Amino acid sequence: MRCIGVMTSGGDAPGMNACIRAVVRTAAYHGLRVMGIRRGFQGLIEGEIVELRPRDVGGIIQRGGTILQTARSKEFMTEEGQRKALRRLNQHGIEGLVVIGGDGSMRGALALHQRGFPVVGVPASIDNDIWGTNMSIGVDTALNTIIDAIDRLRDTASSIGRAFLVETMGRDCGYLALIAGVIGGAEMVLIPERETRLEEVARAVMDAYERGKTHALIVIAEGSPYRTTEVAKFLESHPIGFDVRITILGHIQRGGSPTAFDRLLATRMGVKAVEALLGGERGVMTALQGRDIVTIPLEEVVQRRREANLAYYDMVLMLAR
Ligand SMILES: Nc1ncnc2c1ncn2[C@@H]1O[C@H](COP(=O)(O)OP(=O)(O)OP(=O)(O)O)[C@@H](O)[C@H]1O
Ligand SMILES: O=P(O)(O)OC[C@H]1O[C@](O)(CO)[C@@H](O)[C@@H]1O
Ligand SMILES: [Mg+2]
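Not measured: the values here are computed from a predicted model. One numbering rule holds for all chains: residues counted from 1, following each sequence as written. In the order they appear in the text, chains get letters beginning with A and ligands get numbers beginning with 1. Thresholds applied to this predicted model are a pLDDT of at least 70 for local features of residues and 80 or more for the giving and counting of side-chain atom pairs; totals over whole chains, interfaces and linings are not thresholded and use all residues. As a rule here, side-chain values cover all heavy atoms of the structure and leave hydrogens and water aside.

**Examining the overall build of the protein**
Okay, step 1: Secondary structure elements are taken from DSSP: a helix is a run of H or I of four residues or more, a strand is a run of E of two residues or more, and numbering for both begins at the N terminus. On a plain count of helices and strands, the protein comes out with 11 helices and 11 strands.
Okay, step 2: As defined in this context, the radius of gyration uses C-alpha atoms, and a globule is described by 2.2 Å times the residue total to the power 0.38. Relative to the 2.2 N^0.38 estimate, which gives 20 Å for 321 residues, the radius of gyration of the protein is 22 Å and therefore close to what a compact globule would have.
Okay, step 3: Overall size of the protein, expressed as C-alpha extent along the three principal axes, is 70 × 35 × 35 Å.
Okay, step 4: For the protein, the proportion of contacts with a sequence separation of at least 24, taken over those separated by at least 6, is 76%.
Okay, step 5: For the protein, the exposed area adds up to about 13,700 Å²; of that, 48% sits on carbon and sulfur atoms.
Okay, step 6: When charges are tallied, Lys and Arg are placed among the positive residues and Asp and Glu among the negative ones, while His and the ends of the chain are skipped. Charged side chains are reduced to one point each, which is NZ for Lys, CZ for Arg, CG for Asp and CD for Glu. Counting 39 positive and 37 negative side-chain charges, the protein places the averaged centre of each group 6 Å from the other. Here, two residues are considered to be in contact whenever any of their heavy atoms come within 4.5 Å of each other. Each accessible area is a Shrake-Rupley estimate made with a 1.4 Å probe; only the visible protein chains count as cover when residues are assessed.

Quick look at the structure:
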């Protein structure tokens, strides 16, 4: 193998740049050329490919987002799109590919593998919904951003005596909300993986008020069955003691400089991805298991979904006293 490609795909996640840097420099160390593919699978189809040399990735380890940009590509979901992508890889002399992205991107990587192209995936998505790895790149930074916001909201909430509904990202997955609920001191969390009735939410807020708390916090995952505005409306029509305010954290959670944890995770996974390709591994994803970065088959990754640990849900309720 003389030349590999690297791309970022799906939602951007803090730490993607640290991973690109590690891929480029590990490859250079082993005498490989690296082609950077811009805008994920869509950029690959359209041939947006530039060589990345070790100096091109200087000064990016601390930067959020991705210098390669990213995209969601409908065209790549089609057979024709995937054939176009393969033609582009061949045209540019790319013999192996590192795909950095979320669960959807790992499905895309598997599609290329199944068409015979050597691919290694690297999990990067703030959602932490990818099976097989304890953490995906970007999750720790997003959690730190969320908790910083919650700390600030608590200052104002308890000063003026309000209940705050804080909505976190997570399309179909409650991980960020669950952990933010535990470490942010929430009364309750609403997540897609656990049914909760709105009456229970009102009860939890009311209990907080009756216990003499100066504020109440409910963390709601974007993918929860109830819209945050719907929860607010419900609470406002019940005697909960507090005025209600909403904060939707939105894409703020995706930006910012990666934490030390994410930089290290991204770096280790970038190194591992190149070494896996060089070692002849195909159709695998790097994963954090225990203290180690290992590789696991992409086929296994896409067949399962990282389960929410509902012990955290109960922990929130137990600690809200
Ligand atoms: N089943 C699939 N087959 C081929 N390609 C896929 C498949 N699923 C997703 N992809 C490709 O991967 C891209 C990214 O997927 P998606 O939009 O789900 O984001 P993601 O990688 O899960 O990241 P995140 O969830 O963090 O935003 C899609 O736009 C599509 O091009
Ligand atoms: O940036 P977009 O395309 O609006 O996507 C938002 C989605 O991406 C994610 O942030 C994951 O990257 C999800 O949590 C969210 O549902
Ligand atoms: Mg995803």
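**Some words on the site of ligand 2**
Okay, step 1: Every residue lining ligand 2 is accounted for by Gly 11, Arg 72, Asp 127, Met 169, Gly 170, Arg 171, Glu 222, His 251 and Arg 254.
Okay, step 2: Within 3.5 Å is the distance limit for a polar contact, defined as a pair of N or O atoms, with the added protein rule that one can donate a hydrogen and the other accept it, and that residues adjacent in sequence qualify only through two side-chain atoms. For ligand 2, an oxygen atom lies 3.0 Å from a polar atom in the side chain of Arg 72.
Okay, step 3: Cavities and pockets are found on a 1 Å grid laid over the protein atoms alone: a cavity is a set of points where a 1.4 Å probe fits but cannot escape, a pocket is an open set with protein on both sides within 12 Å along at least five of seven lines, and a lining residue has an atom within 4 Å of such a point. A pocket or cavity is taken to hold a molecule when more than half of that molecule's atoms are within 2 Å of the pocket's grid points. More than half of the atoms of ligand 2 fall within 2 Å of the grid points belonging to the largest pocket.
Okay, step 4: Within the shell around ligand 2, the residues separate by chemical class into 1 nonpolar, 3 polar and 5 charged. Put simply, a residue is near a molecule or strand once any heavy atom of it comes within 4 Å of that molecule or strand. Here the nonpolar group is Ala, Val, Leu, Ile, Met, Phe, Trp, Tyr, Cys and Pro; Asp, Glu, Lys and Arg are the charged ones; every other residue, Gly included, is treated as polar.

**A closer look at the site of ligand 1**
Okay, step 1: Neighbouring ligand 1 are 18 residues, the closest being Arg 72, Ser 73, Asp 103, Ser 105 and Ser 125.
Okay, step 2: Gly 11 is positioned with one of its backbone polar atoms (N or O) 2.8 Å from an oxygen atom of ligand 1.
Okay, step 3: Note that an oxygen atom of ligand 1 is positioned 2.7 Å from one of the backbone N or O atoms of Ser 73.
Okay, step 4: When ligand 1 sits alone it has 620 Å² of accessible area, and the protein chains cover 83% of it.
Okay, step 5: The pocket occupied by ligand 1, as judged from atoms lying within 2 Å of grid points, is the largest pocket.
Okay, step 6: Element by element, the count of residues in the shell around ligand 1 is highest for helix α4 (residues 103–114), at 5 residues.
Okay, step 7: For the shell around ligand 1, the per-class residue count stands at 3 nonpolar, 10 polar and 5 charged.

**Thoughts on the UniProt feature "active site" (unreviewed entry) in the protein**
Okay, step 1: UniProt positions are given in the numbering used here, feature names are shortened, and annotations may be inferred rather than shown by experiment. With numbering matched to this structure, UniProt assigns "active site" (unreviewed entry) to Asp 127.
Okay, step 2: With respect to the helices, strands and loops of the structure, Asp 127 is situated in the loop between β5 (119–123) and α5 (139–160).
Okay, step 3: For Asp 127, the contacting residues outside a window of four places in its chain are Gly 170, Arg 171, Cys 173 and Tyr 175.

**Here we look at the pattern of salt bridges**
Okay, step 1: A pair is scored as a salt bridge if a Lys or Arg side-chain nitrogen falls within 4 Å of a carboxyl oxygen belonging to Asp or Glu. For the coordinates displayed, the defined rule picks out 16 salt bridges.
Okay, step 2: With a shortest N-O distance of 2.6 Å, Arg 2 and Glu 95 are connected by a salt bridge. Pair noted here: Arg 2 is in the segment before β1 (3–9) and Glu 95 is in the loop between α3 (79–91) and β4 (96–101), with a separation of 93 residues, a long-range link.
Okay, step 3: Only protein chains enter the area calculation, which uses a 1.4 Å probe; residues under 20% of their type maximum are buried, those over 50% are exposed, and those in between are partly exposed. The class of Arg 2 is exposed, set by a relative accessible area of 62%.
Okay, step 4: For the salt bridge of Arg 39 with Glu 46, the shortest nitrogen-to-oxygen distance reads 2.8 Å.

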